[in-house]
Amino acid sequence: MSGTPITIKPGTLNGKNNLYDAKLSLIQPFFGELKRFEIQYENWQELPSNIKDSLEIIIIDDCGNPPIHTLMTRSKLKRCNFNLSIFRITDNLKWNTPGALNLGIMCAPTNWILIMDSDCLFESIEFGKLMNTAPLENWIYKFPRKRITNNSKWAKNDRYLPCTILFHKQIFFNVNGFDEDFTGQWSGGYGFFDNHFDHKVRIAGYHCGQIPWITAIEYMDDFVGPRIYRDHSRDHAINTNLMYEKMRNPEKNSKKMLRFNWELMFSKRRV
């Protein structure tokens, strides 16, 4: 791959309703990431009431340890004043982020979906900007990032986040969601399910744009842990090859979703 930055054009935002009126579901997979969950939880607690009234937060625990729902017994996490659901995948499948996202989106009660990795968030001001947008149903939208890291080289990368995406649920169903063939349990590789999703979206005639004035925060591993950076080049190569194979022959795209057992472990409604 070359060092040329990957960019996308600004997206068009002139829909009928803003996200305060349309309502929004935030989907985030986790895998036993205690520190990251605590950072997210504190951020959710501090969101303004008008955002909380229009937001559903759906956590998918990908069979991690500790189980995310057990953290809700901790005293500082008991004061849940937002809409929160925690689902747990009970089959321990390697690198099952595409399946976790599919589960969260299919369980979401709203038509508008925002997916984010566990190390990413919108701070209160940025979330307010997002909720004021009026997205179009035939677009998916991405966002630039600001990295929180002690590594100056990593901090320079501010291009859009591949797996922080805003879109209408109908797009998801029309392209058969995230292809679970990219789950490491089945492919033996890692990643590129989001790149493949983008490809399916474009091939289906939808548009992809960036909202350049709304910035997502990305906490890097060196700042919050507990993961230690590892070289995924071999794992990436496997799923890269799988992606190109599916792009050449779309008949190989999988339509089967939720190839695992799961349970709803926690639900709290905002009052």
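Draft legend 1. Main features of the pattern of salt bridges. All told, the structure shown has 14 salt bridges when counted by the stated rule. Measuring nitrogen to oxygen at the nearest pair gives 2.4 Å for the salt bridge that ties Asp198 to Lys142. Of the two residues, Asp198 is situated in helix H9 (residues 193–203) and Lys142 in strand S6 (residues 139–142); the sequence distance between them amounts to 56 residues. With respect to burial, Asp198 and Lys142 carry one shared label: buried.

Draft legend 2. Structural detail: the sheet that holds strand S7 (residues 145–148). The 3 strands lie next to each other as S5-S10-S7, forming an open sheet whose pairing is mixed. At either end of the open sheet lies a strand with only one pairing partner, and these are strand S5 (120–121) and S7.

Draft legend 3. Region of interest: the nonpolar core. Core analysis: the biggest nonpolar cluster contains 37 residues, and Leu24, Leu114, Phe127 and Leu130 have the highest contact counts within it. Setting aside residues up to four positions removed in sequence, Leu24 forms contacts with Leu19, Ser54, Leu55, Glu56, Thr110, Trp112, Ile113, Leu114, Phe127, Leu130, Met131 and Leu166. Ranked by size, the runner-up nonpolar core spans 32 residues in total, among them Ile58, Leu103, Ile171 and Phe197.

Draft legend 4. Main features of the pairing of strand S3 (residues 83–89). When you tally the buried positions in S3, you get 7 out of 7 residues, the bulk of the element. In S3, alternate side chains face the same way, and those of Asn83, Ser85, Phe87 and Ile89 on one face and Leu84, Ile86 and Arg88 on the other are all buried. Taken together, the 6 bridges between strand S2 (residues 55–61) and S3 define a ladder with parallel strand orientation. Looking at S3, one finds that Glu56 is bridged to Asn83. Direction of pairing for S3 relative to strand S11 (residues 262–268): antiparallel, over a ladder of 6 bridges.

Draft legend 5. Region of interest: the packing of aromatic side chains. Scanning the entire structure with this criterion turns up 15 aromatic pairs. Taking the centre distance of 5.7 Å and the plane angle of 65° together, the rings of Phe87 and Trp262 count as edge-to-face. Of the two residues, Phe87 sits in strand S3 while Trp262 sits in strand S11, which places them 175 residues apart along the sequence. For Phe87, a relative accessible area of 8% gives the class buried. Taken together, the ring pairs connect Phe30, Phe37, Tyr41, Trp44 and Phe82 into an aromatic cluster.

Draft legend 6. Local environment of the side chain of Glu56. For Glu56, the position within the fold is in strand S2. Among the polar contacts made by the side chain of Glu56, one reaches the side chain of Arg269 at a distance of 2.8 Å. Beyond its immediate stretch of four places on either side in the chain, Glu56 contacts Leu24, Ser25, Leu26, Asn83, Pro109, Thr110 and Arg269.

Calculation criteria
Residues numbered from 1 in each chain as written. Predicted model: local features only at pLDDT ≥ 70, side-chain atom pairs only at ≥ 80, totals over all residues. Heavy atoms only, no water. Salt bridge = Lys/Arg side-chain N within 4 Å of Asp/Glu carboxyl O. Helix = DSSP H or I, 4+ residues; strand = E, 2+ residues; numbered from the N terminus. Buried < 20%, exposed > 50% of the residue type's maximum accessible area, 1.4 Å probe, protein only. Pairing = 2+ DSSP bridges. Core = buried A, V, L, I, M, F, W, Y, C linked by side-chain atoms within 4.5 Å. Contact = heavy atoms within 4.5 Å. Phe/Tyr/Trp six-rings, centres within 6.5 Å; stacked < 30°, edge-to-face > 60°. Polar contact = N/O pair within 3.5 Å; in protein donor to acceptor, adjacent residues only side chain to side chain.

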